[in-house]
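Chain by chain, the residues run as shown.
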Amino acid sequence: MDFDRIHYGADYNPEHWPEDVWDEDVKLMAEAGVTLVSVGIFSWAQVEPRPGEFDFGWFDQVMDKLAAGGVSACLSTMTASPPPWLSHRHPEILPVRADGTRLSPGARQQFCPSSLVFREHAARLVEQVATRYAGHPALALWHVGNEYGCHIRACYCDESAADFRRWLKDRYGDIDALNRAWTTTFWSQRYDDWAEILPPRVAPTFPNPAQQLDFHRFSSDASLGSFLAEQEVLRRITPDVPLTTNFVGLVQKALDWNRWVPHEDVVSLDSYPDPYDPRSHVEVALAYDLVRSLKDGQSWMLLEQAPSAVNWRNRNSPKPPGAMRLGSWQAVAQGADAILFFQWRQSRGGAEKFHSAMVPHGGPETRGYRDVRSLGQELAALPRLAGTRVRADVALLHDWESWWGLELDSHPSGDLQQLDAHLAHYAPLFDAGITCDVVHPARDLSSYKLVVVPNLYLMGEAVAANLRAYVAAGGHLLVSFFSGIVDACDRAYLGGYPAPLRDLLGLRIDEFWPLPEDGETGLRFADGSQAAGTIWSEWIELEGAEAVADFEGGELDGRAAITRHTFGKGVAWYLGSRPDAAGMRALMDRVAADAGARPVLPGLPDGVQAIVRHGDGESFLFLLNHGTGEVTVPLPASAADLLTAPATPVDHITLGPRGVAVVSVD
Ligand code: GLA
């Protein structure tokens, strides 16, 4: 993908409209600065109205018009919603829920990820699409499927069961190994034959946790298999055309993105922050940092966001003036080189008619269109931002397998959820203006000054060794509770929690003491300051670490709650409870300062995000005011705001409500 500028555009669904609208579309796209549209995502039933009968004539016209108008196509493989004729002839492709309900057609994504009939029909269509449009001047990028795992996170049908057994045979080789991995001595679950194994369908009580964990892994791989079946066709026919698939944001955990990313040329994300939530930009910031880190900081694409309201929450607020622009610049600031929306023109009918679009029902004479047009002009004026890179001193560790493991049933506390844990640790860094990568725990961590582990319930020995080596060599590490508890098969490590990290942390957990619903415990720091601990407490025995804070009150009164341990040349902090937001901020400020991880700018006003994208000769400081009041940000050196007055250097920037500035810095 050629990122010689920040690309701008939307999903484009021309089949919703008569042909004369297509000309107006291309004209308005040019006016709005649109350079790239995702086209054809839901076109299968229109281009293959009957099995094996293809009608691409209308789509040729669309592609030609886009090319003539200077708009590139992120061309879809068109397989996201199989046509009714396919499930009518082959009802076995329809996905089945854990309770045995077979889902009906009539919405979208109605296919079992393991279905060979689906894959065969999809591959035949992709072959047609790729052959027809290979070399077309509009074709810039392939868009494979759409939001895999969005509606169908897993399928429990018989074909999936057979595929699961195949997957398990590959993983374990023989049935005894599987029995050991799944601890099937428990509750008389020993398998004598592969044929006895099923997906974890609805059972009288908790299904085997290791089976559930493997089914998560398998389900992600089954969707990946479906993606690869299409990807292989594209690689064969158009080896030089890059491809992507749009991940659903961190709202769900169906896919292990790390296993997908090696098969994509560029990573892309869909992001739908809730305008009612004044802190939603923090949650999306976490997702953007994660997506950017997946390919070591390469350009990524925001492939979908809403220009204003969505239609799928129970209550859907429009984005207030300035919010769409601010959210778009936030993605650019965090490394995106493409800003696209769902969708170009608001649908008249269908389930998404109340979802906003670049061209609303009211047409171009609307606030919505005027705002997207002016953002398009702004982005077009700064092509030199593209390809510059974000650098971070801090990494937060994230692993899908551990996320799946953490949120299995029958644990000490159902209150401990991965995204809450991430946000509790990420938000204080974000608020302090400290740039963060979000990376896999097995990767090389040596470039980071501070590594934060909000939770890694599941931790292989290799990851524990990685953390140990990182700290021994001088790194600073912060680990929160219920980390390093089980191995890859969800079997507890023996010898005192968290056994793989005990020497590194200099402590041993004797027993978990989760707090009751909405319960709190006191935390008293050595300097006399206090905070409330939430979610969790535990009985810690110190084995070399010093207590930084003790529990105050309750059964654990006076026992260590938060600790610091020198290990090799580095330092390992441990949190046996989750301090409230203010306590977490104070602690994180101290830990970051201790590690030498500095904010982008000191003394940032509340609500202002600051981040730098580094280029070869020129770097850019982005200042984003997520608040609704005016703020003034002093600059380290006199510079020009490229969005307003490129010629006039200033020594401070005043940002209005939801204001944005981009400043050129050395
Ligand atoms: C997802 C889908 C789109 C559309 C939007 C609506 O991102 O990929 O097709 O349904 O949601 O928000």
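Worth saying up front: this structure is predicted, and the values here are computed from it rather than measured. (Residues numbered from 1 in each chain as written. Predicted model: local features only at pLDDT ≥ 70, side-chain atom pairs only at ≥ 80, totals over all residues. Heavy atoms only, no water.)

### Brief notes about the overall build of the chain
Short version of the rule: Secondary structure elements follow DSSP: runs of H or I no shorter than four residues count as helices, runs of E no shorter than two count as strands, and numbering proceeds from the N terminus. Using C-alpha atoms as the atom set, the radius of gyration is obtained and then compared with a globule rule of 2.2 Å times the number of residues to the power 0.38. In this description, contact between two residues means that some pair of their heavy atoms is separated by no more than 4.5 Å. In this charge count, Lys and Arg are treated as positive and Asp and Glu as negative; neither His nor the chain ends contribute. Charged side chains are reduced to one point each, which is NZ for Lys, CZ for Arg, CG for Asp and CD for Glu.
Looking only at helices and strands, one finds 17 helices and 27 strands in the chain. For the chain, the C-alpha radius of gyration of 26 Å lies close to 26 Å, the compact-globule estimate for 666 residues. Dimensions of the chain, computed from the C-alpha atoms along their principal axes, are close to 75 × 75 × 40 Å. In the chain, the proportion of contacts linking residues at least 24 apart, taken out of those at least 6 apart, comes to 72%. The average position of the 56 basic charges and that of the 87 acidic charges among the side chains of the chain differ by 2 Å.

### Regarding the site of the ligand
Under the convention used in this document: Only a single heavy atom is needed: when it lies within 4 Å of a molecule or strand, its residue is near that molecule or strand. Distance and chemistry together define a polar contact, namely a pair of N or O atoms within 3.5 Å, with one atom able to donate a hydrogen and the other to accept it when in protein, and with adjacent residues in sequence counting only for side-chain atoms on both sides. The protein chains shown are the only cover counted for residues, whose accessible areas, like all others here, come from Shrake-Rupley with a 1.4 Å probe. When residue character is reported, Ala, Val, Leu, Ile, Met, Phe, Trp, Tyr, Cys and Pro are called nonpolar, Asp, Glu, Lys and Arg charged, and the others, Gly included, polar.
Around the ligand, the surrounding shell consists of F42, R108, N146, E147, D270, Y272, E304, W312, F342, E352 and H355. In the model, an oxygen atom of the ligand is placed 3.3 Å from a nitrogen or oxygen of the Y272 side chain. Between an oxygen atom of the ligand and a side-chain N or O atom of E352, the distance comes to 2.3 Å. For the ligand, whose accessible area on its own is 310 Å², the fraction buried by protein is 97%. Taken together, the residues of the shell around the ligand break down into four nonpolar, two polar and five charged.

### Topic: the domain arrangement of the chain
Let me state the cut-off plainly: Bear in mind that the domain bounds are from an automatic or database domain assignment.
Here the domain parsing of the chain yields domain 1 (394-595) and domain 2 (608-665). Averaged C-alpha coordinates put domain 1 and domain 2 at centres separated by 35 Å.

### What to know about the environment of R279
Structurally, R279 can be placed in the loop between β7 (267-270) and α10 (280-294). A polar contact of 3.0 Å, which involves the side chain of R279, links it to the side chain of D431.

### Some details on the pattern of salt bridges
Any two side chains of opposite charge can pair, on the condition that their charged atoms come close. This is how it is decided: A pairing counts as a salt bridge when a side-chain nitrogen of Lys or Arg comes within 4 Å of a carboxyl oxygen of Asp or Glu.
In the structure shown here, the tally under the stated rule is 37 salt bridges. A salt bridge links R201 to D158; its shortest N-O distance comes to 3.1 Å. A residue pair is termed long-range when its members are at least 10 positions apart, and R201 in the loop between α7 (175-181) and α8 (209-237) and D158 in helix α6 (residues 158-172) qualify at 43 residues. Note that R559 is salt-bridged to E541, the shortest N-O span being 3.4 Å. Taken together, the positions of R559 in the loop between β19 (546-552) and β20 (560-567) and E541 in strand β18 (residues 538-542) put the pair 18 residues apart, joining distant regions of the chain.

### Overview of helix α15 (residues 461-472)
For clarity, the cut-off: A helix is expected to span 1.5 Å for every residue after the first. Partly exposed residues are those whose accessible area sits between 20% and 50% of the maximum for their type, while under 20% is buried and over 50% is exposed, using a 1.4 Å probe and protein chains only. Picture the helix axis, draw a direction to every C-beta atom, and the arc is the one those directions span.
For α15, which comprises 12 residues, the first-to-last C-alpha distance of 16 Å matches the rise-based estimate of 16 Å (1.5 Å per residue) to within 8%. For α15, the set of buried residues is V463, A464, N466, L467, Y470 and V471. Axial view of α15: buried residues confined to an arc of 155 degrees, hence all on one face. Among the exposed residues of α15, those pointing more than 90 degrees away from its buried face are E461 and A462. Turning to α15, the residues buried within the fold contact β11 (394-397), β13 (450-453), β14 (476-480), α16 (502-505), β20 and β21 (570-575). Just past α15, the residue G474 takes up positive phi, approximately 120 degrees.

### Concerning the packing of aromatic side chains
Put simply, the rule is: Pairing of aromatic rings covers Phe, Tyr and Trp, the last counted by its six-membered ring, and requires centre-to-centre distances within 6.5 Å; plane angles under 30 degrees mean stacked, over 60 mean edge-to-face, and any other angle means tilted. Criterion for a charge above a ring: Lys NZ or Arg CZ within 6 Å of the ring centre, and within 35 degrees of the ring normal.
All told, the structure shown has 35 aromatic pairs when counted by the stated rule. Ring centres 6.4 Å apart and planes at 45 degrees place the aromatic pair W22 and W58 in the tilted group. Taken as a pair, W22 in helix α1 (residues 19-31) and W58 in helix α3 (residues 57-68) lie far apart in primary sequence, 36 residues in all. When sorted by exposure, W22 lands in the same class as W58, which is buried. Grouping aromatic residues by their ring pairs yields a cluster made of Y156, F164, W167, W182, Y191, F215 and F218. Above the plane of the ring of W17 lies R345, whose end atom (NZ or CZ) is 5.7 Å from the centre.

### Here we look at the pairing of β11
We count it as follows: Strands pair, by our definition, only if DSSP identifies at least two bridges between them.
Where burial is concerned, the two faces of β11 agree: the one with V394 and L396 and the one with A395 and L397 are both buried. Two elements, β11 and strand β12 (residues 436-439), share four bridges in a ladder whose sense is parallel. Paired with V394 across the bridge in β12 is C436. In the sheet, β11 pairs with β13 via three bridges, with the strands oriented parallel. Its bridge partner being in β13, L396 is matched across the sheet by V452.

### Side note on unusual backbone geometry
For the peptide bond that leads from F342 to Q343, omega is -5 degrees, which places it in the cis range. Positionally, Q343 belongs in the loop between β9 (336-341) and α12 (367-380). With an omega of -20 degrees, the peptide bond between Y497 and P498 qualifies as cis. Checked against the element boundaries, P498 lands in the loop between β14 and α16. For D296, which is not glycine, the phi torsion reads 50 degrees and is therefore positive. In this structure, D518 is a non-glycine residue whose phi angle is positive, near 55 degrees. By the secondary structure assignment, D518 is in the loop between β15 (507-512) and β16 (520-525).

### Here's the deal with the sheet that holds strand β10 (residues 389-390)
For clarity, the cut-off: Axes here mean lines fitted to C-alpha atoms, for a helix over just the part in contact, with angles spanning 0 to 180 degrees between N-to-C directions.
Spatial strand order, β10-β23-β24-β27: four strands in an open sheet with antiparallel pairing. The sheet is open, and its two edges are formed by β10 and β27 (660-665), each paired on a single side. Note that β10 and strand β23 (residues 608-614) share two bridges and pair antiparallel. Its bridge partner being in β23, R389 is matched across the sheet by H614. The sheet strands contacting helix α11 (residues 323-333) are β10, β23, β24 (619-625) and β27, and the helix crosses β24 at an angle near 145 degrees.

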